[in-house]
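Per-entry structural report
Take a look at the letters that make up each chain.
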Amino acid sequence: MKLNENIRKEIVIILLLLSLTVIYFNNLIFKKELFLSGDMYNFFYSQRIYAQKSFQNGSFPFWNTDIFCGAPYIDDIQNALFYPFTILFYISSAYFAITITLVTHIFMAGWFLYLLMRQCFHIDRRGSLISAIIYMFSGFFTMHMEHLNQVMSCAWSPLIILTYIKSTEEKKILFIMLMAVSLGLQLLTGGSQNTFYLIIILFLLSIYLGVGQYISTKNLKEFSQPMLFLITGIFISLAVAAV
């Protein structure tokens, strides 16, 4: 069975983005040169190792007894205790967990940005691919590579914007749910400031979309719909992250 030409081209794009990600992290993947410095070592590595040891000892890491006179562990959102990828730290080595987390999220950032350009802004494949590469290897990700929560959080942003715009265009509950789940997962990464900034952008975008729909339909219901979709998605995302 022959694949559709468009499907084959999309697969090539995915493989290209994945290959570029592997090349970018070649020292980490093939030479196992893990850069444990700064916050990666002082916070993210040490905190996750503490949680790993707690689970191995049959206890839940409510409280970190190893720093100061003790400090809350589960209450620190940057520990991302309930984020799915953090589970890797509890069942495997720190090297493997950090490698998979960084490689996967940098690839996700590029692929989601590519989809956003293609599906919402209708940019051609070449332009969308260039946009994806610029985003995934941008100065922000390079600078914050030692901050796992920043990398994980911003990887979800393009998908959240994509699913929100599609929800206003298609008016389907599926896209609202996808946006809500993506936003909820972003909250669980611990990069809450990025979620705060993104919600502001989405509110401004909802006004822009609402004005555009009102101009074309002269219907106040069409003006309020993007804002209602956004508010609904935010409330559902809070439920997703409310563990």
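Let me begin by describing the structure that accompanies this report.

**Re the nonpolar core**
Of all hydrophobic cores here, the largest spans 62 residues; its most connected members are Leu 102, Trp 156, Tyr 164 and Leu 202. Sorting elements by how many residues they give to this core places helix 5 (residues 94–119) first, with 14 residues.

**Some details on the packing of aromatic side chains**
This model, assessed by the stated rule, comprises 15 aromatic pairs. An angle of 45° between the planes, with centres 4.7 Å apart, marks the rings of Phe 60 and Phe 62 as tilted. For Phe 60, a relative accessible area of 31% puts it in the partly exposed group. Residue classification places Phe 62 among the exposed residues on the basis of a relative accessible area of 52%. An aromatic cluster of at least three residues, connected via ring pairs, comprises Phe 55, Phe 60, Phe 62, Phe 82 and Tyr 90. Lying across the ring of Phe 89, Arg 48 places its NZ or CZ 5.4 Å from the centre.

**Points about the environment of Ile 29**
Within the secondary structure, Ile 29 is located in helix 2 (residues 26–30). When the C-alpha positions of Ile 29 and Ile 106 are compared, they lie 14 Å apart, and in sequence the two are 77 residues distant. Excluding residues within four positions of it along the chain, Ile 29 makes contact with Val 22, Tyr 95, Thr 99 and Val 103.

**Points about helix 8 (residues 148–170)**
Count 3.6 residues to each turn of an α-helix, and residues three or four apart come out pointing the same way. If you check helix 8, its first and last C-alpha atoms are 34 Å apart, about what 23 residues at 1.5 Å a residue would give, namely 33 Å. Taking the largest bend as the criterion, helix 8 deviates by roughly 25°, centred on Ser 157, and proline Pro 158 comes between one and four positions later. Counting buried positions along helix 8 gives 21 out of 23 residues, so the element sits mostly inside the fold. Where helix 8 terminates, the next one or two residues include Lys 171, which has phi positive at roughly 55°.

**So, a nonpolar patch on the surface**
Where nonpolar side chains cluster on the molecular surface, the patch consists of Phe 196, Tyr 197, Ile 200, Leu 204, Ile 207, Val 211, Tyr 214, Ile 215, Leu 220 and Phe 223 and spans about 990 Å² of accessible area. Listing elements by their share of the nonpolar patch, those giving two or more residues are helix 10 (192–217) and helix 11 (220–241). Among the elements that take part in the nonpolar patch, helix 10 stands out by supplying eight residues, more than any other. Along the chain, Val 211 falls in helix 10. On the accessibility criterion, Val 211 (35% relative accessible area) is partly exposed.

**A closer look at unusual backbone geometry**
At His 122, a position not held by glycine, the phi torsion is positive, near 55°. Locating His 122 in the fold gives a position in the loop between helix 5 and helix 6 (125–136). Positive phi, normally seen in glycine, also occurs at Lys 218, with a value near 55°. On the basis of relative accessibility, which here comes to 62%, the residue Lys 218 falls in the exposed class.

**Overview of the packing of helix 5 against helix 6**
At their nearest, the axes of helix 5 and helix 6 sit 8 Å apart, and the two run at 145° to each other. Relative to helix 6, helix 5 is oriented so that their crossing is right-handed. Here Ile 106, Phe 107, Ala 109, Gly 110, Leu 113, Tyr 114, Met 117 and Arg 118 of helix 5 lie close against helix 6, whose contacting residues are Arg 125, Ser 128, Leu 129, Ser 131, Ala 132, Tyr 135 and Met 136. Classifying every residue of the contact of helix 5 with helix 6 by side-chain character gives 10 nonpolar, three polar and two charged.

**What about the pattern of salt bridges?**
One pass over the full model with this rule turns up five salt bridges. Of the charged contacts in the structure, one is a salt bridge between Arg 125 and Glu 10, with a shortest N-O distance of 2.9 Å. Note that Arg 125 is positioned in helix 6 and Glu 10 in helix 1 (residues 5–24), a separation of 115 residues in sequence. A salt bridge links Lys 166 to Glu 169, with the nearest nitrogen and oxygen atoms 3.9 Å apart. In this pair, Lys 166 and Glu 169 both sit in helix 8, three residues apart, roughly one turn of the helix.

**So, the packing of helix 8 against helix 9 (residues 173–188)**
Between helix 8 and helix 9, the shortest axis-to-axis distance is 8 Å and the interhelical angle comes to 160°. Classified by the interaxial angle, the pair formed by helix 8 and helix 9 is roughly antiparallel. The chirality of how helix 8 crosses helix 9 is left-handed. Residue-level contacts link Ser 153, Trp 156, Ser 157, Leu 159, Ile 160, Thr 163, Tyr 164, Lys 166, Ser 167 and Glu 170 of helix 8 to Phe 175, Ile 176, Leu 178, Met 179, Ser 182, Leu 183, Leu 185 and Gln 186 of helix 9. Among the residues forming the contact of helix 8 with helix 9, the class breakdown is 10 nonpolar, six polar and two charged.

Conventions used here
Residues numbered from 1 in each chain as written. Predicted model: local features only at pLDDT ≥ 70, side-chain atom pairs only at ≥ 80, totals over all residues. Heavy atoms only, no water. Core = buried A, V, L, I, M, F, W, Y, C linked by side-chain atoms within 4.5 Å. Buried < 20%, exposed > 50% of the residue type's maximum accessible area, 1.4 Å probe, protein only. Helix = DSSP H or I, 4+ residues; strand = E, 2+ residues; numbered from the N terminus. Phe/Tyr/Trp six-rings, centres within 6.5 Å; stacked < 30°, edge-to-face > 60°. Lys NZ or Arg CZ within 6 Å of the ring centre and 35° of its normal. Contact = heavy atoms within 4.5 Å. Expected span 1.5 Å × (residues − 1). Bend = angle between axes of the 7 residues up to and from the residue. Patch = residues over 30% accessible without salt bridge, like charges linked within 9 Å, V, L, I, M, F, W, Y side chains within 5 Å. Areas by Shrake-Rupley, 256 points an atom, 1.4 Å probe, with all protein chains shown as cover. Salt bridge = Lys/Arg side-chain N within 4 Å of Asp/Glu carboxyl O. Axes fitted to C-alpha atoms, helices over the stretch in contact; angles between N-to-C directions. Left-handed = near helix turned anticlockwise from the far one by under 90°. Nonpolar A, V, L, I, M, F, W, Y, C, P; charged D, E, K, R; others polar. Parallel < 35°, antiparallel > 145°, perpendicular 65-115°, else oblique.

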